[in-house]
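Listed here are the chains, written in short residue letters.
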There are 2 protein chains.
Amino acid sequence: MAQAFQATVGDSEFDRDSAVTRRDAGVYDIEFSADWTIFGAVNGGYLLAVLGRALADALPHSDPFTISAHYLTATLPGPAVVRTEVVRTGRTLSTGQASLFQYDEQGTEIERMRVLASYGDLAALPDDVHTTAVPPDMPPIDQCFGRQDAPPPAPGARPVSDPPAIAERLMIKLDPATLGWALGQPSGKGEMRAWFGLADGRDPDPFSLLLAVDALPPTAFELGVKGWVPTVELTVHVRALPAPGPVRVSITTRNLAGGYLEEDAEVWDSADRLVAQSRQLARVRLG
Amino acid sequence: MAQAFQATVGDSEFDRDSAVTRRDAGVYDIEFSADWTIFGAVNGGYLLAVLGRALADALPHSDPFTISAHYLTATLPGPAVVRTEVVRTGRTLSTGQASLFQYDEQGTEIERMRVLASYGDLAALPDDVHTTAVPPDMPPIDQCFGRQDAPPPAPGARPVSDPPAIAERLMIKLDPATLGWALGQPSGKGEMRAWFGLADGRDPDPFSLLLAVDALPPTAFELGVKGWVPTVELTVHVRALPAPGPVRVSITTRNLAGGYLEEDAEVWDSADRLVAQSRQLARVRLG
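Residues numbered from 1 in each chain as written. Chains lettered and ligands numbered in written order. Predicted model: local features only at pLDDT ≥ 70, side-chain atom pairs only at ≥ 80, totals over all residues. Heavy atoms only, no water.

Q: In this structure, what is going on with unusual backbone geometry? I would like to understand it.
A: Apart from glycine, the bulk of residues carry a negative phi angle, and the bulk of peptide bonds sit in the trans form. For Asp272(A), which is not glycine, the phi torsion reads 60 degrees and is therefore positive. Positionally, Asp272(A) belongs in the loop between strand E13 (260-268) and strand E14 (274-283). Of note in this structure, Phe39(B) is not a glycine but carries a positive phi near 50 degrees. (Helix = DSSP H or I, 4+ residues; strand = E, 2+ residues; numbered from the N terminus.)

Structure below.
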């Protein structure tokens, strides 16, 4: 019997698709396929991972500790260039900036997003943990549901649209308490929780955590908001190297107001460590 | 009887001290006094307000919606220059970047902090509010305590050091539940709550909110951590124009681990509106 291929950190779909090619010092090229898109636009968390890799190459430290991105216009499949700048290098922390550009019809670079980030060495952090936050109260993974488990839509329910291309790259198993939206019965609570991993079984690492915080369905769906909820800004703190195995992502929205909402995400690893925290500001189109 | 001077937005100590002088297009000068310092370093939230003002002048939109700062080295009293860049202008949102520099002995510019921010028009936002977060459970302001109310230190308590210079610019009345640290009895809970305003009575505005989220004593004090807790990165979302009168600032730390902690701040105005949310990553020196 042929051995199933086991993707590993460094040898996986995510690694191949988020890799950048150095063109010059601080300048990196990438060609985006449609594989990591949602409704035609390349996913923001995946883009953050791409720029994160470029910065890891440009800076003397390799792990993002805190990384903020402002999303200017949607990134589409096609060629792109990342231009980085070293802002400051220190003994334990370095800071850098990165911009992603694509090309208009004249070949002029159009900036899609800009990132500011501070990097360090997660493996060098002391292992004292005084976290008072607790993992989300969620069922085990085999009692959570992915796309493949979806029942036929109930009468009057939101029509089941084709899953976004990115969904095939991911293993997402939603907490039953946060999938009412998929059955035409949004809970009215700004919550979304799921077990998360990569479809080929690759273990998590700091860069896949940047993807994880922006890969679940929007909390807006449970709030009965339809349509696109574009991210304006996303800041992620990566606090520890994640243990192997799927992570739990728990997202909360408490301030839907004035046409914007925040999504607060926590990522918990298999060792019950709070490995990443993020907040994004997203625009909501009501009505 | 002479009328007491009533500071207003635009005519107050905070406005005068956070104002920048345009030198060239996108370039602004400021001279920092010692008035807004803590232990000799200029306060990070005040600095964010200064850069925020420069960006408001440089961008076509005037209100910070989401603003992220990476702090590189401490800013000291003395001259400084802010250099801004317009990243993108849109119909409802614009994005800009700003750096703060000071001068070394040769007059070379040394970057102190860099900011990335997206601006809009808060007054133009629709007034639908679906906030599910609730204001912090705190006593009324006359049952909270400021510096002037401090009793003599108890035997064995942390010695009362001179209050930082910035304290004289501010009206901070701490929730009694979060001032155990000042009496030698830290609660062990990562919480800090206070009523907040400016000492001269000026009402809040988006820029003073940037100060408010970084002006309280560190939650680390209640966690029994002594010493400086420098901010690495701070992201603030300003979600609404604040109503007049003091605000309530509620800060929480849930992930003290590996030599870092996060501080999540919420700012509630007198109309019970959640007007700002922030998160900072700070470094902790344990032991």
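Still more to cover.
Q: When you look at the nonpolar core in this model, what are you seeing that I'm missing?
A: One broad trend across soluble globular proteins is that nonpolar side chains are buried collectively. Ranked by internal contacts, the top residues of the largest apolar core, which has 64 residues, are Tyr46(A), Leu48(A), Phe196(A) and Leu211(A). It is helix H2 (residues 44-58) of chain A that provides the largest number of residues to this core, a total of 9 residues. If we skip the residues at most four places from it in the chain, Leu211(A) touches Phe14(A), Trp36(A), Asn43(A), Gly45(A), Tyr46(A), Ile166(A), Leu170(A), Phe196(A) and Leu198(A). Among the nonpolar cores identified, the runner-up in size contains 63 residues, and Phe32(B), Leu48(B), Leu174(B) and Ala265(B) belong to it. (Core = buried A, V, L, I, M, F, W, Y, C linked by side-chain atoms within 4.5 Å. Buried < 20%, exposed > 50% of the residue type's maximum accessible area, 1.4 Å probe, protein only. Contact = heavy atoms within 4.5 Å.)

Q: I would appreciate a short explanation of the packing of aromatic side chains in the present structure.
A: Ring pairs (aromatic) are described by centroid distance and by the angle formed between their planes. Inspection of every chain in the model, using the stated rule, returns 10 aromatic pairs over all chains. Taking the centre distance of 5.4 Å and the plane angle of 85 degrees together, the rings of Phe65(A) and Tyr260(B) count as edge-to-face. Here Phe65(A), found in strand E5 (residues 63-71), pairs with Tyr260(B), found in strand E13 (residues 260-268), and the two come from separate chains. By the burial criterion, Phe65(A) is buried, and Tyr260(B) matches it. One aromatic cluster is present, formed by Phe14(A), Phe32(A), Trp36(A) and Tyr46(A) through successive ring pairs. (Phe/Tyr/Trp six-rings, centres within 6.5 Å; stacked < 30°, edge-to-face > 60°.)

Q: What's the story with the side chain of Asp63(B) in this structure? I'm lost.
A: Residue and element names in this part refer to chain B. Assignment of secondary structure puts Asp63 in strand E5 (residues 63-71). For the buried Asp63, no salt bridge is present, and the opposite-charge side chain at shortest range is Arg53, 9.3 Å distant. A distance of 2.8 Å separates the side chain of Asp63 from the backbone nitrogen of Leu122, its partner in a polar contact. When sequence neighbours within four positions are dropped, the list of residues in contact with Asp63 reads Ser118, Tyr119, Gly120, Asp121, Leu122, Ala123 and Pro206. (Lys, Arg positive; Asp, Glu negative; His and termini not counted. Salt bridge = Lys/Arg side-chain N within 4 Å of Asp/Glu carboxyl O. Polar contact = N/O pair within 3.5 Å; in protein donor to acceptor, adjacent residues only side chain to side chain.)

Q: I'm lost on empty space enclosed by the protein in this one. Help?
A: A water-sized probe rolled over the atoms picks out the places where empty space is left. Taken as a whole and assessed by the stated rule, the structure comprises 2 cavities of 30 Å³ or more. Quantified by volume, the largest cavity comes out at close to 40 Å³. Lining the largest cavity are Thr235(A), Ser278(A), Arg279(A), Thr235(B), His237(B) and Arg279(B). For the lining of the largest cavity, the secondary-structure elements that each account for two or more residues are E14 of chain A together with strand E11 (231-238) of chain B. When grouped by side-chain class, the residues that make up the lining of the largest cavity number no nonpolar, 4 polar and 2 charged. (1 Å grid on protein atoms, 1.4 Å probe; cavity = no way out; pocket = protein on both sides within 12 Å on 5 of 7 lines; lining within 4 Å. Points joined across faces, edges and corners; volume = space filled by probe spheres on them. Nonpolar A, V, L, I, M, F, W, Y, C, P; charged D, E, K, R; others polar.)

Q: Please explain the side chain of Ser208(A) as it appears in this structure.
A: Summarising the element assignment, Ser208(A) is placed in helix H3 (residues 206-212). Apart from the residues lying within four places of it in its own chain, the contact partners of Ser208(A) are Phe14(A), Phe196(A), Leu198(A), Arg202(A) and Asp203(A).

Q: What's the story with the relation of the copies chain A and chain B in this structure? I'm lost.
A: Related by rotation about an axis and a shift along that axis, the two copies of the chain form a pair. Mapping chain A onto chain B is achieved by rotating through 180 degrees and translating by 0.0 Å along the same axis, at an RMSD of 0.0 Å. A rotation of that kind, with that shift, is consistent with a two-fold axis. Interface overlap between copies: 100% of the residues of chain A at the interface are likewise at the interface in chain B, consistent with a symmetric, same-surface contact. (Least-squares fit on C-alpha atoms with pLDDT ≥ 70 in both.)

Q: Got a minute to help me understand the interface of chain A and chain B in this structure?
A: A common measure of how large an interface is: the accessible area buried when the components associate. Facing the 53 residues of chain A at the interface are 53 residues of chain B. With both chains or domains summed, chain A and chain B bury close to 4,600 Å², and 50% of this area falls on carbon and sulfur atoms. If you sort the residues of chain A by the area they bury against chain B, Arg239(A), Arg254(A) and Arg279(A) come out on top, with a joint share of 15%. Taken together, the connections running from chain A to chain B amount to 4 salt bridges. A salt bridge links Arg114(B) to Glu85(A); its shortest N-O distance comes to 2.9 Å. Remark: the boundary between chain A and chain B carries 41 residue pairs in polar contact (both at pLDDT 80 or more). Counting residues per element, the ones that place at least two in the side of chain A that touches chain B are E5, strand E6 (78-89), strand E7 (94-103), strand E8 (109-120), strand E11 (231-238), E13 and E14 of chain A. The leading source of residues in the side of chain A that touches chain B is E14(A), at 7 residues. (Buried area = accessible area lost by both parts, 1.4 Å probe.)

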